Amino acid sequence: MQDVHMQNTGHGSVIASIAPKLLAWYRREGRALPWRAPPGTLQDPYKVWLSEVMLQQTTVKTVTPRFIDFLRRWPDVNALARAELGEVLAAWAGLGYYARARNLHACARAVSESHGGRFPDTEQALRKLPGIGAYTSSAIAAIAFGRPASPVDGNIERVIARLFAIETPLPEAKPQIKSLAEKLTPATHAGDFAQGMMDLGATICTSRRPACGLCPVRQDCHGFAKGIAEQLPHKAAKATRPTRRGAAFVAIRMDGAVLLRERPPKGLLGGMLEAPSTPWLEGPQSEAAEAYAPVKGSWQKLPEIVTHTFTHFHLELSVYRATVQQRATPRAVAEPARCRWVAQRDLGNAALPTVMRKVLGSALTG
């Protein structure tokens, strides 16, 4: 209904005027980022894909040095496809949302093995690749291949919600915002337009205290005209995250090596390394936690509780530490086939998620 209303009240001409203004602004003010080509040119699809996967749920500031490091180690998709998954997971450590790294590796292999090392150039074909959804396929198609595609990330959602004063809360408003993004996208220079919208949201149309006085499309913004821009987009209340609890066991061999276990390949932190632990469950921690100790030893419970927040729950881990004999072998409860001893000097390059780096930091420095 709102799209029809927009056409009847002259919004069609406003839609037509936004792209030229934004493109002119992007050519002057667009951010220089290591994964971007100059305005008016297409970028290597490998760089677009890699950056877009890294930027999901992660800031530009955090991604920039990691992107450069990835590109140095694996300069093209075939090089990444030849890497071992463990190498990729280790290089990804600290970026979080580790399913992205597993999908990154699977996608690289699919492109290398099934597409001759070349990314498909349409949204439909790109979406058939592992880990590439609607947003990423649109971004690659627009930025790398010049297709008139309309990626919509959080920044673009905010810009469009404000431009058209959309008061329907997210996520309910997503289809409407996507439809408007498609109407705004020009037939040419779609990649520059998408990156301009991203930059507008990241640098001017920010979530708090937007700099409306500097906005190139302020005259077209209905949220600004109504004085409600900063309040938009409205968001539905988030469900309260539950708290799960468990215990992690840091076994230190006489030579200083630490016992680590590889998590199952699928699921939370799949394929990453961990200090063997109990299941992570809601409710009070079981008093029988030491039954899960991975090797025999005199286990000491440390005073610090390690906390970490995942997307859907908070985690609290008690940490146990023991120095064990050189010939100590993992017990059946620890699933020995997935365990390995790792020298402390090698922990920095191990595929350890942030929560496990916290655990080891507590145990090895406490």
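It should be emphasised that the depicted structure is a prediction, and the values quoted were computed from it without experimental measurement. (Residues numbered from 1 in each chain as written. Predicted model: local features only at pLDDT ≥ 70, side-chain atom pairs only at ≥ 80, totals over all residues. Heavy atoms only, no water.)

A. Spatial organisation of the overall build of the protein chain. Looking only at helices and strands, the protein chain features 14 helices and seven strands. On the principal axes, the C-alpha backbone points of the protein chain span a range of 75 × 45 × 30 Å. Of the contacts formed within the protein chain by residues at least 6 apart in sequence, a portion of 70% connects residues at least 24 apart. Within the structure as shown, the protein chain displays about 17900 Å² of accessible surface, and the carbon and sulfur contribution to it stands at 51%. Counting 46 positive and 30 negative side-chain charges, the protein chain places the averaged centre of each group 3 Å from the other. (Helix = DSSP H or I, 4+ residues; strand = E, 2+ residues; numbered from the N terminus. Contact = heavy atoms within 4.5 Å. Areas by Shrake-Rupley, 256 points an atom, 1.4 Å probe, with all protein chains shown as cover. Lys, Arg positive; Asp, Glu negative; His and termini not counted. Charge placed at Lys NZ, Arg CZ, Asp CG, Glu CD.)

B. Layout of unusual backbone geometry. Each neighbour pair has its own omega, and for L170 with P171 the value is 5 degrees, a cis peptide bond. Looking at the secondary structure, you find P171 in the loop between helix 10 (154-163) and helix 11 (174-184). Along the chain, L232 connects to P233 via a cis peptide bond; the corresponding omega equals -5 degrees. The phi dihedral of R209 is positive, around 50 degrees, even though this residue is not glycine. Relative to the helices and strands, R209 resides in the loop between helix 12 (190-203) and helix 13 (222-226). On the basis of relative accessible area, R209 is assigned to the exposed category, the value being 69%. Positive phi values are uncommon outside glycine, yet E335 reaches one of about 55 degrees. You can see E335 is positioned in the loop between strand 6 (314-324) and strand 7 (339-342). Under the relative-accessibility criterion, E335 is labelled partly exposed at 38%. (Buried < 20%, exposed > 50% of the residue type's maximum accessible area, 1.4 Å probe, protein only.)

C. Quick peek at the side chain of R162. Tracing the chain through its elements places R162 in helix 10. For the buried R162, which has no salt bridge, the nearest side chain bearing the opposite charge is E230, at an N-O separation of 6.6 Å. From its side chain, R162 meets the backbone oxygen of S207 in a polar contact 3.3 Å long. Excluding residues that lie within four positions of it along the chain, R162 makes contacts with C205, T206, S207, P210, C221, H222, G223, A229, E230 and L232. (Salt bridge = Lys/Arg side-chain N within 4 Å of Asp/Glu carboxyl O. Polar contact = N/O pair within 3.5 Å; in protein donor to acceptor, adjacent residues only side chain to side chain.)

D. Local environment of the pattern of salt bridges. In the structure shown here, the tally under the stated rule is 12 salt bridges. Where D199 meets R31, a salt bridge forms, and the shortest distance between an N and an O atom there is 2.7 Å. With a gap of 168 residues between them, D199 in helix 12 and R31 in the loop between helix 2 (11-29) and helix 3 (45-55) connect regions that are remote in the sequence. What emerges from the salt-bridge pattern is a single network uniting R31, R36 and D199.

E. Seen up close, the packing of aromatic side chains. Inspection of every chain in the model, using the stated rule, returns nine aromatic pairs. Aromatic side chains W49 and F119 sit 5.3 Å apart centroid to centroid with 50 degrees between the ring planes, which places their arrangement in the tilted category. Here W49, found in helix 3, pairs with F119, found in the loop between helix 7 (99-114) and helix 8 (123-126); they are 70 residues apart in sequence, far enough to count as distant. Judged by its relative accessible area of 1%, W49 falls in the buried class. Between F249 and Y320, the ring centres sit 5.1 Å apart and the planes meet at 25 degrees, which makes this aromatic pair stacked. Residue F249 is found in strand 1 (residues 243-253), and its partner Y320 is found in strand 6; the two are separated by 71 residues along the sequence. For Y320, a relative accessible area of 7% corresponds to the buried category. Just above the ring of F313 sits the side chain of R244; from NZ or CZ to the centre is 3.9 Å. (Phe/Tyr/Trp six-rings, centres within 6.5 Å; stacked < 30°, edge-to-face > 60°. Lys NZ or Arg CZ within 6 Å of the ring centre and 35° of its normal.)

F. Expanded view of helix 12. Between its first and last C-alpha, helix 12 extends 20 Å over 14 residues, near the 20 Å set by a 1.5 Å rise per residue. Among the 14 residues in helix 12, 12 count as buried, and that is most of the element. Within helix 12, burial applies to A190, G191, D192, F193, A194, Q195, G196, M197, M198, D199, L200 and G201. (Expected span 1.5 Å × (residues − 1).)

G. Broad picture of the packing of helix 3 against helix 9 (residues 134-145). In contact at an axis separation of 9 Å, helix 3 and helix 9 are set at 145 degrees when each is read in the N-to-C sense. By crossing handedness, the relation of helix 3 to helix 9 is classed as right-handed. Contacts from P45, V48, W49 and E52 of helix 3 reach helix 9 at Y135, T136, A139, I140, I143, A144 and F145. The class makeup of the residues in the contact of helix 3 with helix 9 is nine nonpolar, one polar and one charged. (Axes fitted to C-alpha atoms, helices over the stretch in contact; angles between N-to-C directions. Left-handed = near helix turned anticlockwise from the far one by under 90°. Nonpolar A, V, L, I, M, F, W, Y, C, P; charged D, E, K, R; others polar.)

H. Looking closely at the pairing of strand 5 (residues 300-309). Looking at chain direction, strand 5 and strand 6 are connected through seven bridges and run antiparallel. Considered in strand 6, the bridge of V306 is made with L317. Taking the residues between adjacent antiparallel strands as the criterion, strand 5 and strand 6 are bridged by four residues. (Pairing = 2+ DSSP bridges.)

Such coordinate-based values are descriptive only and should not be taken to indicate function.
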